[in-house]
Amino acid sequence: MNNCDLANSVKLSLEQYFKDLDGQPPHAVYNMVLGCVEKPLLEHIMQHASGNQSKAAEILGLNRNTLRKKLQQYNIE
């Protein structure tokens, strides 16, 4: 899977989301998408890094403190 595949998956999911609204106004789409993507991303990277936050932060391109806050936000150990 490359970046374009991920972008297309998001686009298709959003298209379906708007269809499913059936005329209702959308609300907080940005936070919804981040919540759907960020937690599994963090879980997968932490598993890949064998729980090593420094290594995971490097893979993600995040500061270790930022990663720690995000892990706490999503209750990921």
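Placed above this text is the structure.
Values in this document were obtained by computation on a predicted structure and should not be read as measured data.

Examining the overall build of the protein
Inference 1: In terms of helices and strands, the protein carries four helices and zero strands.
Inference 2: Taking 11 Å as the expected radius of gyration for a compact globule of 77 residues, we find that the protein reaches 15 Å, considerably beyond that expectation.
Inference 3: Viewed in the frame of its principal axes, the protein has a C-alpha envelope of about 45 × 25 × 15 Å.
Inference 4: Buried positions account for 16% of the 77 residues belonging to the protein.
Inference 5: Taking as baseline every contact in the protein between residues at least 6 positions apart, the subset at least 24 positions apart corresponds to 27%.
Inference 6: Accessible surface for the protein amounts to roughly 6100 Å². Of this, 51% is attributable to carbon and sulfur atoms.

Some words on the nonpolar core
The tendency in soluble globular proteins is for nonpolar side chains to be buried as a group.
Inference 1: By size, the foremost hydrophobic cluster in this structure holds 10 residues: L42, I45, M46, A49, A56, A57, L67, L71, Y74 and I76.
Inference 2: The set of elements that each furnish at least two residues to this core consists of α2 (29–48), α3 (53–60) and α4 (64–73).
Inference 3: Beyond its immediate sequence surroundings of up to four residues, Y74 is in contact with L34, G35, E38, K39 and L42.

Things to note about the packing of aromatic side chains
Any pair of aromatic rings gets described here by the distance separating the centres and the angle formed by the planes.
Inference 1: Summed over all chains, the structure comprises one aromatic pair.
Inference 2: Relative to F18, the ring of Y17 has its centre 5.4 Å away and its plane inclined at 75 degrees; by these criteria the two rings are edge-to-face.
Inference 3: Looking at Y17, the relative accessible area reads 21%, which means it is partly exposed.
Inference 4: The class for F18 is partly exposed, based on a relative accessible area of 42%.

Criteria and thresholds
Residues numbered from 1 in each chain as written. Predicted model: local features only at pLDDT ≥ 70, side-chain atom pairs only at ≥ 80, totals over all residues. Heavy atoms only, no water. Helix = DSSP H or I, 4+ residues; strand = E, 2+ residues; numbered from the N terminus. Rg over C-alpha atoms; globule rule 2.2 N^0.38 Å. Buried < 20%, exposed > 50% of the residue type's maximum accessible area, 1.4 Å probe, protein only. Contact = heavy atoms within 4.5 Å. Areas by Shrake-Rupley, 256 points an atom, 1.4 Å probe, with all protein chains shown as cover. Core = buried A, V, L, I, M, F, W, Y, C linked by side-chain atoms within 4.5 Å. Phe/Tyr/Trp six-rings, centres within 6.5 Å; stacked < 30°, edge-to-face > 60°.

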